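Tertiary structure, described
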Amino acid sequence: MLISLSEVMNCRDQEIKMSVPIGFDVFHQSKAEYPVYEKSELSLLLISDAAKKVRISAQAKIVLKAPCDRCLEEVELPFDLCIEQEVDFSRTGQEQAEELDEKAYISGFDLDTDQLVFEELLVAFPAKVLCFEDCKGICGVCGANLNSGECGCDRTALDPRMTAIWDIFNNFKEV
Ligand SMILES: [Zn+2]
Ligand SMILES: [Zn+2]
């Protein structure tokens, strides 16, 4: 949703509070897509001071669904977003252009609330998604989920770390 910040700047030293819906149902990150499972509204607090700076405080709760990196079971990822940003419209020319270039959620005098939430999710998204810390993953031979029990396959040949160790071992024997 686009919110005009020029209106905010016209009521200096006033706080503008509002709640806006989050407009996307899928979160795209690099090549992956994660469906939004639950989302609150985005509560926004906009404060403008005499120096043409607008302070943006925003909160939202979002739950994404993502597959576990090891076993592919679907995991719920809750995010409690707390966003604090400041946009300075008092700068001129190049400075202004550079600052606004970095802030993709600002275009002209408009605040793109979905973009604001999206950028915050990008930062908050975990490097690794695990259903639980000790997830055993899936068997590379039969595809069984090893969290529900050992399938009995011989996986040593498939493990690249083991292969490396065997290589070293064999080279050592030949010397
Ligand atoms: Zn898992
Ligand atoms: Zn197996």
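Residues numbered from 1 in each chain as written. Chains lettered and ligands numbered in written order. Predicted model: local features only at pLDDT ≥ 70, side-chain atom pairs only at ≥ 80, totals over all residues. Heavy atoms only, no water.

**Concerning the coordination of the zinc ion (ligand 2)**
- Distances from the zinc ion (ligand 2) to its protein donors, namely Cys139 (SG), Cys142 (SG), Cys151 (SG) and Cys153 (SG), fall within the range 2.2 to 2.3 Å.
- Coordination at the zinc ion (ligand 2) is tetrahedral: its four donor atoms span angles of 107 to 111° at the metal.
- All donors to the zinc ion (ligand 2) come from one chain, and their sequence spacing reads C-x2-C-x8-C-x1-C. With Cys139 in the loop between α3 (113–124) and α4 (160–174) and Cys153 in the loop between α3 and α4, this residue pair connects regions lying 14 residues apart in the sequence.
- We classify Cys139 as buried; its relative accessible area is 3%. (Donors = N, O, S within 2.8 Å, 3.2 Å for Na, K, Ca; no water. Tetrahedral: all angles 85-135°; square planar, octahedral: opposite > 155°, others 65-115°. Helix = DSSP H or I, 4+ residues; strand = E, 2+ residues; numbered from the N terminus. Buried < 20%, exposed > 50% of the residue type's maximum accessible area, 1.4 Å probe, protein only.)

**Thoughts on the coordination of the zinc ion (ligand 1)**
- Protein coordination at the zinc ion (ligand 1) comes from Cys68 (SG), Cys71 (SG), Cys131 (SG) and Cys135 (SG), with a distance range of 2.3 Å.
- Of note is the zinc ion (ligand 1), whose four donor atoms meet at the metal with angles of 105 to 116° in an arrangement that counts as tetrahedral.
- According to the relative accessible area criterion, Cys71 is buried, its value standing at 5%.

**Here we look at the pairing of strand β7 (residues 74–88)**
- With 15 bridges connecting them, strand β6 (residues 53–67) and β7 associate as antiparallel partners. If you follow Lys61 over to β7, its bridge partner there is Asp80.
- Where β6 hands over to β7, the hairpin turn is made up of six residues, of which Leu72 adopts a positive phi near 70°. (Pairing = 2+ DSSP bridges.)

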